[in-house]
Structure formats: C-alpha cells, structure tokens
Amino acid sequence: MRILITGAAGNLGRGLTDRLLGQGRHRLVLSDLVPPPGLDDTVEFHQLDLQIGAGLETAARDCDLLVHLPAWHGVHSGTKTETDFWRLNVDGTFWALQAARANGIRRCVFLSSQSWHGHYEKYGFTKRIGEELLAYHHARHGLSYVAVRPHDFTPWSENWPQRYGVRLLHGGVDRDDVLDAVLAAIDHVQQTDDAELVLDATRPNVFTADQLQGWEHDPAGTLEPIFPGAAEAVQRYRLDISQRPTVAPDAGRAETGYAPSRHFGSFLERLMALQPDEARDLTCPY
Ligand SMILES: NC(=O)c1ccc[n+]([C@@H]2O[C@H](COP(=O)([O-])OP(=O)(O)OC[C@H]3O[C@@H](n4cnc5c(N)ncnc54)[C@H](O)[C@@H]3O)[C@@H](O)[C@H]2O)c1
C-alpha cells in the first residue's frame, strides 16, 4: 500500500516511519509542517500547514491509506488556546479527510486519545469531534477507519525509570506498545473494507480487583505477592506507588490482535537488571 502519514516529524510519526520502513511492505509519503529530522531523501515528503490544508491533495495523490497524527495534545494545554486546538485538531483533521476523499483514499488510521473520555476538556473535546469526522466520512463516503486512543506515550529510559514505572500503573503506556497498536490498526484497516473501530492503545491490565485490595494501606505489600521482589525495588528506587493502579480500557484488541506487553511487572524486571547506579532519579523530560 501507499501510505500518507501526516505529522511524520513528531514523536509518533518518527517511530512509525522507522517501523514501516523496516517492514518494507509499504511505500510511504510523509508530510508535516517541518521536515522530519534525518529524513531519508528516497522517501517522498510534503511540507504543508494542515490548518490551511493547501498541498494536502497533492500529497494524497495515488495513496491508499491515510495515517493522520498531528494535534495539539496534553502537554500543549497550558500554552495553546481553544482556537489553536480547534484549528489543528479539528480543521486539520477535516482537511486531511477531505483530501483523502478527493483522492479516493478509503482507509484511515486516526490518532485519537484516551483524553476522548474528558469530553469537555479543551483537548478531549477536539478528539471527540475528530472521531465524529471519521464517522461522518464513513457514513457519507465509505471510509474504513480505526481510531486509536492511546494513553500518554511513555518511553523507557535508564535515566528516569522511576517515572516510567509509575506511569505504567495509571495514565501511561509504553511508546513501543503504542507503535504496535498503530501497526495493528494499519493491518486491520488494510484488510477490512468497512471498519469503524476504536482501538485503545493502552497498557495490559495485569491486576485483578481482588489483588488490589488493601493497596491504599500497603501498596508495596500488596504488590509483593503479584511481582516477587517488588517491595525491595519500591524501597530501593523510591518508587511513588501510593496511588492505586487504574484499569485501562481495552477496546479493539480482539479485532486487531493488538497485544501490549509492557507493564509494571516487566518494568520491575528491567529495573532490577540495572546496576544500582544506572537508575538515576533525574528530572523527567516528559
Ligand atoms: N504524546 C502522547 O502522549 C499522546 C497520547 C495520546 C494521544 N496522542 C495523539 O497522538 C498523535 C501524535 O502525537 P505525538 O506525540 O507524535 O505529537 P507531536 O507533538 O510529537 O507531533 C505532532 C506533529 O504535528 C506537526 N504539526 C503541528 N502543527 C502542524 C500543522 N499546522 N501542519 C502540519 N503538521 C503540523 C508537528 O510539526 C509535529 O511533527 C496526536 O494526535 C496526539 O493527540 C499523543
């Protein structure tokens, strides 16, 4: 397939481009406001402003599938206005879908967010409308789509493992699992002519409600029988696990085969394999 990726220079776009080029199964057309760093000059790139939409129809020409990524998101909430959010997240999505329609693209993977659940937050509101735009193009123009809803992307790093681990208890998902989810969504929409699917790109749920009983009084003691060695790791690395883990939504896994594998237990294994002085508690950049 010939795949158009909008927002290719961003966090997810760079990782996705690398994964898809590595697979060697598809031809890529990239677009963004700025060129992706280290862009391979054999890959077609279109520099354009999605808020205006000019140039999108040229970028979409002869493509079979759109992966639409750009958005102001959680980290921009303090600096970007409601207007900014609307122009990129809503107008930008509308123009991208219209350019797809005009070029006969019938398949789309859209990056939504778990913030969709915060319906009347500045960010979640725009993801609600984004998904509505997909539903509209599905109903009116036969667009087959998957809306991927990730939690916060969380990359493993030996420099700030504490932050990574705690995020895998609530609100975060390993960045590689998000990339797995997007690839699973691409495969699903490639194979399905009439998809209208939500895929929760979230971490695996590794705790049962019974196992979490007593967490508020003794989190480390509650964890220990589930992941032996956890209590020592919590103490040694000063992990703040005071907040009880939440259950991550998991829609769309059966349909797409998305099987996230990075969770608090795999984090502990990775942490315990580090030399003690490797696990530095630096200020986390995300
Ligand atoms: N980062 C997260 O933790 C997270 C969590 C859940 C969902 N998401 C969603 O995933 C998607 C990708 O997130 P990300 O972290 O890769 O974002 P990012 O901010 O790293 O990248 C966004 C890209 O969009 C491009 N862009 C911005 N304005 C543009 C414009 N006017 N025209 C064209 N391109 C423009 C930027 O140059 C950038 O390359 C977003 O839709 C976001 O809402 C992100």
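Residues numbered from 1 in each chain as written. Predicted model: local features only at pLDDT ≥ 70, side-chain atom pairs only at ≥ 80, totals over all residues. Heavy atoms only, no water.

Quick look at the site of the ligand
- Around the ligand, a shell composed of 27 residues is seen, among which Leu12, Asp32, Asp49, Leu69 and Tyr123 lie nearest.
- Asn11 is positioned with one of its backbone polar atoms (N or O) 2.9 Å from an oxygen atom of the ligand.
- A distance of 2.9 Å separates a nitrogen atom of the ligand from a polar backbone atom of Leu50.
- Taking 840 Å² as the accessible area of the ligand by itself, protein coverage stands at 88%.
- Put simply, the parts of the chain that give the shell around the ligand at least two residues each are α1 (11–23), α4 (122–141) and β7 (152–154).
- Class assignment of the residues belonging to the shell around the ligand gives a composition of 14 nonpolar, 9 polar and 4 charged. (Near = heavy atom within 4 Å. Polar contact = N/O pair within 3.5 Å; in protein donor to acceptor, adjacent residues only side chain to side chain. Areas by Shrake-Rupley, 256 points an atom, 1.4 Å probe, with all protein chains shown as cover. Helix = DSSP H or I, 4+ residues; strand = E, 2+ residues; numbered from the N terminus. Nonpolar A, V, L, I, M, F, W, Y, C, P; charged D, E, K, R; others polar.)

Let's talk about the packing of helix α3 (residues 82–102) against α4
- Across the interface, α3 lies against α4 with an axial gap of 10 Å and an inter-helix angle of 15°. The orientation of α3 with respect to α4, classified from their angle, is roughly parallel. The handedness of the crossing between α3 and α4 comes out as right-handed. Contacts between α3 and α4 involve Glu82, Phe85, Trp86, Asn89, Val90, Thr93, Phe94, Leu97, Gln98 and Arg101 on the former and, on the latter, Lys122, Tyr123, Phe125, Thr126, Ile129, Gly130, Leu133, Leu134, His137 and His141.
- Its residues assigned to classes, the contact of α3 with α4 shows 10 nonpolar, 7 polar and 3 charged. (Axes fitted to C-alpha atoms, helices over the stretch in contact; angles between N-to-C directions. Parallel < 35°, antiparallel > 145°, perpendicular 65-115°, else oblique. Left-handed = near helix turned anticlockwise from the far one by under 90°. Contact = heavy atoms within 4.5 Å.)

Topic: the nonpolar core
- The biggest cluster of nonpolar side chains holds 31 residues, and the ones touching the most others in it are Ile5, Leu16, Val67, Val109, Val148, Val182 and Ile186.
- Taken together, the elements giving at least two residues each to this core come down to β1 (2–6), α1, β2 (27–32), β4 (65–68), β5 (107–111), β6 (144–150), α6 (175–191) and β9 (196–201).
- When residues in this core are grouped by element, the largest group, 9 residues, is from α6.
- If we skip the residues at most four places from it in the chain, Ile186 touches Ile3, Leu16, Leu20, Leu65, Val67 and Val109.
- Listed in part, the 24 residues of the second largest apolar core include Leu48, Leu50, Leu56 and Leu97. (Core = buried A, V, L, I, M, F, W, Y, C linked by side-chain atoms within 4.5 Å. Buried < 20%, exposed > 50% of the residue type's maximum accessible area, 1.4 Å probe, protein only.)

Section: the UniProt feature "domain: NAD-dependent epimerase/dehydratase" (unreviewed entry) in the chain
- In this numbering, the UniProt entry assigns the feature "domain: NAD-dependent epimerase/dehydratase" (unreviewed entry) to residues 3–151.
- The span residues 3–151 carries 40% helix and 20% strand; its end-to-end C-alpha distance comes to 24 Å. (UniProt positions renumbered as here; feature names shortened; annotations may be inferred.)

Structural notes on the packing of aromatic side chains
- In the structure shown here, the tally under the stated rule is 9 aromatic pairs.
- Taken together, a centroid distance of 6.2 Å and an interplanar angle of 70° make the contact between Phe207 and Trp215 edge-to-face. Exposure class is identical for Phe207 and Trp215. Each is buried.
- Ring centres 5.9 Å apart and planes at 75° place the aromatic pair Phe207 and Phe227 in the edge-to-face group. With Phe207 in the loop between β9 and α7 (219–223) and Phe227 in the loop between α7 and α8 (230–236), the pair connects residues that are 20 residues apart, well separated along the chain. The residues Phe207 and Phe227 share a single accessibility class, namely buried.
- Sitting above the plane of the Trp72 ring, Lys80 keeps its charged end 4.4 Å from the centroid.
- One residue, Arg128, lies across the ring of Trp116, its end atom 3.6 Å from the ring centre. (Phe/Tyr/Trp six-rings, centres within 6.5 Å; stacked < 30°, edge-to-face > 60°. Lys NZ or Arg CZ within 6 Å of the ring centre and 35° of its normal.)

Details of α6
- Given a rise of 1.5 Å per residue, 17 residues ought to cover 24 Å, and the 25 Å separating the end C-alpha atoms of α6 matches this to within 8%.
- Three or more residues of α6 are buried, namely Asp177, Val178, Leu179, Ala181, Val182, Leu183, Ala184, Ala185, Ile186, His188 and Val189. (Expected span 1.5 Å × (residues − 1).)

As for the state of the cysteines
- By the definition in use, this model includes 0 disulfides.
- Free of any disulfide, Cys63 has its nearest neighbouring cysteine sulfur in Cys108, separated by 12 Å.
- Here Cys108 falls in the buried class, since its relative accessible area comes to 1%. (Disulfide = S-S within 2.5 Å.)

Concerning unusual backbone geometry
- Phi is positive for Asp62, which is not a glycine, with a value near 65°.
- Tracing the sequence through the fold places Asp62 in the loop between α2 (56–60) and β4.
- Look at Asp62 and you get exposed, because its relative accessible area is 60%.
- Within the chain, Arg238 stands out as a residue other than glycine whose phi angle is a positive 50°.

With respect to the packing of α1 against α6
- It is at 10 Å that the axes of α1 and α6 come closest, and there the two elements cross at 60°. Relative to α6, α1 is oriented oblique. In this structure, α1 meets α6 at a crossing whose hand is right-handed. Each of Asn11, Leu12, Gly15, Leu16, Arg19, Leu20 and Gln23 in α1 lies in contact with α6, whose residues at this interface are Arg175, Asp176, Val178, Leu179, Asp180, Val182, Leu183 and Ile186.
- For the contact of α1 with α6, the class distribution of residues is 8 nonpolar, 3 polar and 4 charged.

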